[in-house]
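# Overview (structure and organization)
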Amino acid sequence: MVAAPVAAGLLAGALLLPAGAARAAGPAVPAAPGASAVPGAPGAPVASGASGAPGTQGTPGDALPGVTQLRRDPAGRPAGCLPPSARGTRLTPWPQTFLRPDRVWPLTQGDGVTVAVLGSGVTDGPGLLAGRLGYAGRLPGGGDPARDCVGHGTFLTGLIAADRRAGTGFSGLAPHARILAVGVTDDTGATTADLLAQGITAAAERGARVIDVGVTLPAGSDALAAAVRQARGRGALVVAPAAPDAPPADQDGTAKPEPVFPAAYPEVLAVRDLAPGGAPPEDGTAVGGRVDLAAPGAAVMSTGPAAGGYYTATGSSYATAFVAGTAALVLGYRPTLTVNQLVDRLETTAYRPVGTVPDPQLGHGTVDPVSAVTALLAEDRPVPSPTAASVPAVPAARPVSAAPRQAVLVALGALAVTALVALAAVVGSRGRARDWTPATRRTPEAPASPRP
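No experiment lies behind these values; they were computed from the predicted model shown. (Residues numbered from 1 in each chain as written. Predicted model: local features only at pLDDT ≥ 70, side-chain atom pairs only at ≥ 80, totals over all residues. Heavy atoms only, no water.)

## Focus: the overall build of the protein chain
Along its length, the protein chain carries 10 helices and 11 strands. With 452 residues in all, the protein chain has 48% of them scored as buried. Put simply, of all contacts in the protein chain between residues at least 6 apart along the chain, 77% involve residues at least 24 apart. When the accessible surface of the protein chain is summed, it comes to about 21,200 Å², and 60% of that surface belongs to carbon and sulfur atoms. (Helix = DSSP H or I, 4+ residues; strand = E, 2+ residues; numbered from the N terminus. Buried < 20%, exposed > 50% of the residue type's maximum accessible area, 1.4 Å probe, protein only. Contact = heavy atoms within 4.5 Å. Areas by Shrake-Rupley, 256 points an atom, 1.4 Å probe, with all protein chains shown as cover.)

Okay, structure coming up:
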């Protein structure tokens, strides 16, 4: 539990790029996530570490302090609250360079989208969520959502929506998205299925379009299953880790892959972590349940509850934050999408793994914010109306005006007069032949009287 954060800190320090590297000139849409300036690739400028003072490059061996989902000592006892970090850097973390969210920021930064973060709470000590952070009411058995002792909830929130700050290459994927903090753990990061169900319901009732569940459970409950279904019915996308950050080990010390909840429910988008460069972690950790998408999750960097420097962490819970941030970018640009359309877009535009999809360990592939926002899918193309092509247009009958009707009547009258004149000429000629004129009428002559 202690060595893992230290190792992650050393790795994170070696996987930071100069602040301008993630925004270097390049094609509008990469061929694959991280196609340019991937840490470790030929010619990629890789820093040796993070320094104690912001804006400087550290010396080899410098490490960022670690964050874990459960804050306990090796004996399983509460380890106290996360101390502030004094480590700062101007460099860009590898996930931001790998995913390149800055390429779609001219189109969307998650404006108007509420992302609920279910975990240990959120404390905006660095001031990178000013005006965009809200809190759900304190749940029975849960912690204060405004007080993050563990630091895990604040770390996830930074990956999703931390605003950009001058002089550093770090920012969240959707720096204008709103955050709804929902406390579903105690001060050590532990939770229960019923408490998690209450948190999912509270987030959906308060209008969250995306619900990032940062914790896992080895078993679910009827209440948790019902809460997930109801949230999906309200149009909320529930994102959860496909595996615990620290999987339980067998007796021989190897990780034991088992399904975890709520990711095991079919209504949840199950996400696993990737190591730098986009491959599964080299420790060979397998996921025991279903995987829908993959995202960066090893040696990632983000903020903590206190003002100051940065932290590092490794696990599938941090990969969910990158998927939730991508979903916020998509909804900011396409706000009318249903939850089913949003899931289809995230999965269809993912960078595909080699072989059959979905892959048992990578699902539909690596989330790709640029393609998820900009891709033109089949349902986006207008469908021509079938009646427009198959039925010929029939011109509407034009009303007959009074002038044409009068012209017809005059023509008929003229024709009648002509006919009468012709008839009169015929009759007159025959009358003259018989010594008859129409002007006078002869009367029979009186018989002559006899002469005397």
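Further notes follow.
## Comments concerning the pattern of salt bridges
For side chains bearing opposite charge, pairing can occur when the charged atoms are close. Under the criterion given, the structure shown has 5 salt bridges. Arg147 is paired through a salt bridge with Asp187; the nearest N and O atoms lie 3.2 Å apart. Of the two residues, Arg147 sits in the loop between strand 4 (133-135) and helix 3 (152-161) while Asp187 sits in the loop between strand 5 (178-183) and helix 4 (193-205), which places them 40 residues apart along the sequence. The exposure class assigned to Arg147 is partly exposed, which follows from its relative accessible area of 42%. Judged by relative accessible area, which is 41%, Asp187 ranks as partly exposed. Asp273 is paired through a salt bridge with Arg272; the nearest N and O atoms lie 3.5 Å apart. The class of Asp273 is buried, set by a relative accessible area of 8%. Arg272 sits in the buried class, given a relative accessible area of 1%. (Salt bridge = Lys/Arg side-chain N within 4 Å of Asp/Glu carboxyl O.)

## Quick word on the confidence of the model for the protein chain
In the predicted model, the protein chain carries a mean pLDDT of 79, and 68% of its residues have values of at least 70. Scored below 50 in pLDDT, residues 388-410 shows 1 contact in the model against residues more than four places distant or in partner chains. (pLDDT = per-residue confidence, 0-100.)

## So, helix 3
Of all 10 residues making up helix 3, 10 are buried, and the element is well covered by its neighbours. All of the buried residues in helix 3 are His152, Gly153, Thr154, Phe155, Leu156, Thr157, Gly158, Leu159, Ile160 and Ala161. The inward-facing, buried residues of helix 3 contact strand 3 (114-119), strand 5, strand 6 (210-213), strand 10 (300-302), strand 11 (311-313) and helix 6 (316-333).

## Observations concerning the pairing of strand 8 (residues 268-274)
Burial analysis of strand 8 places 7 of its 7 residues in the buried class, the great majority of the element. Sheet analysis places strand 7 (residues 237-241) next to strand 8, joined by 4 bridges and oriented parallel. Bridge assignment links Ala240 to a residue of strand 8, and that residue is Ala270. Two strands pair when backbone bridges link them, and strand 8 and strand 9 (residues 293-296) are joined in this way by 4 bridges, in the parallel orientation. Across the sheet, Asp273 pairs through a bridge with Ala295, a residue of strand 9. (Pairing = 2+ DSSP bridges.)

## Regarding helix 7 (residues 339-348)
Listing the buried residues of helix 7 in full gives Val339, Leu342, Val343, Arg345, Leu346 and Glu347. Buried positions along helix 7 lie against helix 5 (222-233), strand 7, strand 8, strand 9, helix 6 and helix 8 (369-374).

## Examining the packing of helix 6 against helix 7
Packed helices, taken two at a time, are described by the angle between their axes plus the distance between the axes. Helix 7 packs onto helix 6 with a crossing angle of 115° between their chain directions and a minimal axis gap of 11 Å. For helix 6 against helix 7, the interelement crossing comes out right-handed. On helix 7, the residues touching Thr326, Ala327, Val330 and Leu331 of helix 6 are Leu342, Arg345 and Leu346. (Axes fitted to C-alpha atoms, helices over the stretch in contact; angles between N-to-C directions. Left-handed = near helix turned anticlockwise from the far one by under 90°.)

## Here we look at the environment of Gly288
Looking at the element boundaries, Gly288 is found in the loop between strand 8 and strand 9. For Gly288, a relative accessible area of 36% puts it in the partly exposed group. Along the chain, Gly288 and Ala243 lie 45 residues apart, while their C-alpha atoms are 7.3 Å from each other. Discounting residues that sit within four places of it in the chain, Gly288 has contacts with Pro257, Glu258 and Pro259.

## A look at unusual backbone geometry
In this chain, Phe261 is followed by Pro262 through a cis amide linkage whose omega measures 10°. You can see Pro262 is positioned in the loop between strand 7 and strand 8. The amide bond that connects Val357 to the next residue, Pro358, takes the cis arrangement and shows omega of 5°. Among the secondary structure elements, Pro358 is positioned in the loop between helix 7 and helix 8.

## Description of the nonpolar core
One broad trend across soluble globular proteins is that nonpolar side chains are buried collectively. Counting residues in hydrophobic clusters, the biggest one holds 60 residues, and the most contacted among them are Leu237 and Leu346. Ranked by size, the runner-up nonpolar core spans 36 residues in total, among them Ala116, Leu180, Ile200 and Val287. (Core = buried A, V, L, I, M, F, W, Y, C linked by side-chain atoms within 4.5 Å.)

## A word on the sheet that holds strand 8
Reading across from one edge, 4-5-3-6-7-8-9 is the order of the 7 strands in this open sheet, with parallel pairing throughout. Strand pairing shows two members of the sheet lacking a second neighbour, strand 4 and strand 9, which therefore form its edges. Taken over all neighbouring pairs, the strand axes of this sheet differ in orientation by 30° on average, direction set aside.

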